[in-house]
Every structure is written in structure tokens, then in C-alpha cells.
Amino acid sequence: MNPNPTLFPCPLCGKPLDARATKKKKPYVICDPCGVQLFIRSKAGMRSFEQLVSAAEQRNVWKRLEDLQTRYQRKCPECGKSFWIVPDQIKTSWVDGSFEGYRCPERGCKGFVPWKTEKEKK
């Protein structure tokens, strides 16, 4: 692996992780908040990993991930958990069926994230 610090996105939360190397020079990443541990063990996997890491820098993947989070990740005002929006969480008005926002996916939470803030509605 490259001696310079390299970054790789967490497969669950997208947070940039430092790619480290084991004693045997095999790459791995650990995301403490998610608990994900990703170890690359084969030579073919290590080559693919290196290509992904270098492509991330060249293709500005970090800016793209940031843009995706801005567009598609919301935080529940009730429970405070972040979640990615998906079609089955859509909340519509019972009056006219218009789109209102997204329901929190957390079990037992009644939280709702409106599509537009009060400022945007005015």
C-alpha cells in the first residue's frame, strides 16, 4: 500500500476512512461509528482496492459522496438519527395526496422530516 494516507468510504455511512495496512502489508479499513471492518486478503482484491482508492482521488468521489448526503440523507427531529431517504418512507397529505416529506425509519419513532423547511415554504 501507498505510505501516504489514503481514504476509502465506509460501505454503510460513506464516511472517509483511513486505509491502513496489516503487518503483512494487506489493506484494511475500520469505521468505529458503524462497526464495519473490511479486510482485503487476496492479491486480486488488493489490486482492486488500490485502483478504487486512487480513482476516488482522481474522480473527486469525496465531493460526490458529500453531494449525495446533502440530497438524500436526513436527520429525524424526534430521535436524532440520520437516515437515507427511500421511496417507502414518503409521507403524503391525507387531504390531497401531495408530497410532504419522509417518515423516520426507526422502529417506534413517529418523526417526520418535511421536504421544505418553513423558510422555503414562504
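Residues numbered from 1 in each chain as written. Predicted model: local features only at pLDDT ≥ 70, side-chain atom pairs only at ≥ 80, totals over all residues. Heavy atoms only, no water.

Undergrad: Quick one: what's the story with the overall build of the protein chain, residue by residue and with numbers?
TA: When its secondary structure is counted, the protein chain shows three helices and nine strands. Computed over its C-alpha atoms, the radius of gyration of the protein chain comes to 19 Å, more than 25% above the 14 Å expected for a compact globule of 122 residues. For the protein chain, the spread of C-alpha atoms along the three principal axes comes to 60 × 30 × 20 Å. Buried positions account for 25% of the 122 residues belonging to the protein chain. Pairs at least 24 apart in sequence give 27% of the contacts found in the protein chain among residues at least 6 apart. Split by element, the accessible area of the protein chain, about 9300 Å² in all, is 52% carbon and sulfur. Of the side-chain charges in the protein chain, 24 are positive and 13 negative, and the distance between the mean point of each set is 8 Å. (Helix = DSSP H or I, 4+ residues; strand = E, 2+ residues; numbered from the N terminus. Rg over C-alpha atoms; globule rule 2.2 N^0.38 Å. Buried < 20%, exposed > 50% of the residue type's maximum accessible area, 1.4 Å probe, protein only. Contact = heavy atoms within 4.5 Å. Areas by Shrake-Rupley, 256 points an atom, 1.4 Å probe, with all protein chains shown as cover. Lys, Arg positive; Asp, Glu negative; His and termini not counted. Charge placed at Lys NZ, Arg CZ, Asp CG, Glu CD.)

Undergrad: An account of unusual backbone geometry is needed here, citing residue identities and associated values.
TA: For K25, which is not glycine, the phi dihedral falls at a positive 65°. As for its position among the elements, K25 is in the loop between β2 (16-21) and β3 (27-31).

Undergrad: Got a sec to walk through the environment of C13? Specific residues and values, please.
TA: Inspection of the secondary structure puts C13 in the loop between β1 (6-9) and β2. Spatially, the C-alpha atoms of C13 and V36 are 9.7 Å apart, while their sequence positions differ by 23 residues. Filtering out sequence-adjacent residues up to four positions away, C13 remains in contact with C31, C34, Q69 and W84.

Undergrad: Provide a residue-level description of the sheet that holds strand β8 (residues 99-103), including the pertinent values.
TA: On the basis of which strands lie adjacent, the open sheet formed by three strands has the order β7-β8-β9 and antiparallel pairing. In this open sheet, the two edge strands, each paired with only one partner strand, are β7 (90-92) and β9 (112-114). Sheet twist, expressed as the mean angle between neighbouring strand axes with direction ignored, is 40°. As paired elements, β7 and β8 share three bridges and run antiparallel to each other. Bridge pairing in β8 places K91 opposite G101. (Pairing = 2+ DSSP bridges. Axes fitted to C-alpha atoms, helices over the stretch in contact; angles between N-to-C directions.)

Undergrad: Tell me what's going on with the sheet that holds β3, and back it up with residues and numbers.
TA: Here we have four strands laid out as an open sheet, ordered β1-β2-β3-β4, and antiparallel in their pairing. If you trace the sheet from one side to the other, it starts and ends with β1 and β4 (36-39), each paired once. Each adjacent strand pair in this sheet contributes to an overall mean axis angle of 35°, direction not counted. Its contacts with the sheet put helix α1 (residues 43-58) on β1, β2 and β3, and the angle it makes with β1 is roughly 95°.

These figures capture arrangement, not role.
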